[in-house]
Amino acid sequence: QLQFTAQDVDFYYEDATGQAHQALKQVSMDVPAGQWHALVGPTGCGKSTLATLFARYTDPQAGQLLVGGQDLRETQVDALRSAVVYVPQRAHLFNDTIAANLRLAAPEASEPELWRALEIAQVAEEVRQMPQGLETMVGEKGTAVSGGQRQRLAIARAVLMHPRALILDESTAHLNDELAAQVRRQLREALPQATILEITHRISQLEGVQTVWVMDQGQIIQSGKPSELAQQPG
Ligand code: ADP
Ligand code: ADP
């Protein structure tokens, strides 16, 4: 099980002229191991930036990030690549078949496992209806995989990797509340031990969530159990 800790983290993006834009300001948070947690806040407040830091794609300019209690600047990030899986909002899939994209993440996966992962990601039905099934090319004309399906294929791929921690960036945004709740249940069954941090701006979906962090303009402005949070507008 993995917990995440951020301590006084600052992060800046630099534009083409070298001007720095601060995306995270003094962010401190402890994400307990296991369970389901949520990071909420308006578009542009820094959620994805924080997620990519937790996934260790990049380092903060100030502060510390601990994954499983370790500062990975000093240890092997490679080992963590498969332990912590980040499913981005615009997932990249290879220009190959659905099966090939899934097998790339999990070469040993059996066909039933591939289908089970697609079911968890709520995309099995669509894939079954495609003439080529698992051998459908991702984005193939006439059987195009939509943005939502693409992202859910990325969830399926993540499930197959059996991560110890999973960060979902608006991964259920294209699902109605009922389907999103079902994805949660199935993901929890498939990954009973994993720490799951879901980025969302749908406050309606916090049922079953252990801890929520509310961000605004690069800062954590509230945290607690969903029932403890002050009512958020929108
Ligand atoms: P989100 O939907 O999470 O707010 P955006 O649509 O803002 O994401 O960003 C989509 C992609 O563009 C991301 O990879 C993000 O890193 C990048 N991006 C966002 N804002 C900027 C910016 N001001 N300059 C360059 N890249 C950006
Ligand atoms: P959120 O996920 O909450 O929508 P982001 O983390 O995507 O927010 O973005 C936080 C801020 O950083 C925004 O102002 C966004 O425009 C900016 N930003 C994100 N990615 C980049 C990037 N690659 N280059 C420059 N600015 C970026």
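Everything that follows concerns the structure shown earlier in this document.
Residues numbered from 1 in each chain as written. Chains lettered and ligands numbered in written order. Predicted model: local features only at pLDDT ≥ 70, side-chain atom pairs only at ≥ 80, totals over all residues. Heavy atoms only, no water.

1. Looking at the site of ligand 2
Then step 1. Neighbouring ligand 2 are Tyr13, Ala23, Pro42, Thr43, Gly44, Cys45, Gly46, Lys47, Ser48 and Thr49.
Then step 2. A distance of 3.0 Å separates an oxygen atom of ligand 2 from a polar atom in the backbone of Gly46.
Then step 3. Lys47 is positioned such that a nitrogen or oxygen atom in its side chain is 2.9 Å from an oxygen atom of ligand 2.
Then step 4. Starting from 560 Å² of accessible surface for ligand 2 in isolation, the protein chains cover 55%.
Then step 5. At three residues, helix H1 (residues 47-54) tops the list of elements feeding residues into the shell around ligand 2. (Near = heavy atom within 4 Å. Polar contact = N/O pair within 3.5 Å; in protein donor to acceptor, adjacent residues only side chain to side chain. Areas by Shrake-Rupley, 256 points an atom, 1.4 Å probe, with all protein chains shown as cover. Helix = DSSP H or I, 4+ residues; strand = E, 2+ residues; numbered from the N terminus.)

2. Describing empty space enclosed by the protein
Then step 1. Inspection of every chain in the model, using the stated rule, returns one cavity of 30 Å³ or more.
Then step 2. Approximately 40 Å³ is the volume found for the largest cavity.
Then step 3. Glu113, Arg116, Ala117, Val159, Leu160 and His162 together form the lining of the largest cavity.
Then step 4. With three residues, the top contributor of residues to the lining of the largest cavity is helix H4 (residues 111-120). (1 Å grid on protein atoms, 1.4 Å probe; cavity = no way out; pocket = protein on both sides within 12 Å on 5 of 7 lines; lining within 4 Å. Points joined across faces, edges and corners; volume = space filled by probe spheres on them.)

3. Here we look at the pattern of salt bridges
Then step 1. In total, this model carries six salt bridges according to the counting rule given.
Then step 2. For the salt bridge of Arg128 with Glu119, the shortest nitrogen-to-oxygen distance reads 2.9 Å.
Then step 3. As a salt-bridge pair, Arg128 and Glu125 come within 3.5 Å of each other at their nearest N and O atoms. On the criterion of helical spacing, the pair formed by Arg128 and Glu125 is a turn pair, its members being three residues apart in helix H5 (residues 124-129). (Salt bridge = Lys/Arg side-chain N within 4 Å of Asp/Glu carboxyl O.)

4. Digging into H1
Then step 1. Counting buried positions over the eight residues of H1 gives seven, a clear majority of the element.
Then step 2. Regarding H1, the residues found buried are Lys47, Thr49, Leu50, Ala51, Thr52, Leu53 and Phe54.
Then step 3. In the stretch just after H1, Arg56 is the one whose phi turns positive, near 65 degrees. (Buried < 20%, exposed > 50% of the residue type's maximum accessible area, 1.4 Å probe, protein only.)

5. With respect to the site of ligand 1
Then step 1. The immediate surroundings of ligand 1 are formed by Thr43, Ser48, Gln89 and Arg90.
Then step 2. A distance of 3.3 Å separates an oxygen atom of ligand 1 from a polar atom in the side chain of Ser48.
Then step 3. When ligand 1 sits alone it has 550 Å² of accessible area, and the protein chains cover 26% of it.
Then step 4. Along the lines of polarity and charge, the residues of the shell around ligand 1 split into no nonpolar, three polar and one charged. (Nonpolar A, V, L, I, M, F, W, Y, C, P; charged D, E, K, R; others polar.)

6. Topic: the nonpolar core
Taken as a class, soluble globular proteins show a tendency for nonpolar side chains to be buried jointly.
Then step 1. If you look at the biggest cluster of nonpolar residues, it comprises 47 residues, and the most contacted ones within it are Leu118, Leu166 and Leu187.
Then step 2. By residue number, the principal contributor to this core is helix H6 (residues 147-160), which donates seven residues.
Then step 3. For Leu118, the contacting residues outside a window of four places in its chain are Leu102, Val123, Ala124, Val127, Leu134, Leu153 and Ala156.
Then step 4. Listed in part, the 29 residues of the second largest apolar core include Phe11, Leu80, Ile167 and Leu197. (Core = buried A, V, L, I, M, F, W, Y, C linked by side-chain atoms within 4.5 Å. Contact = heavy atoms within 4.5 Å.)

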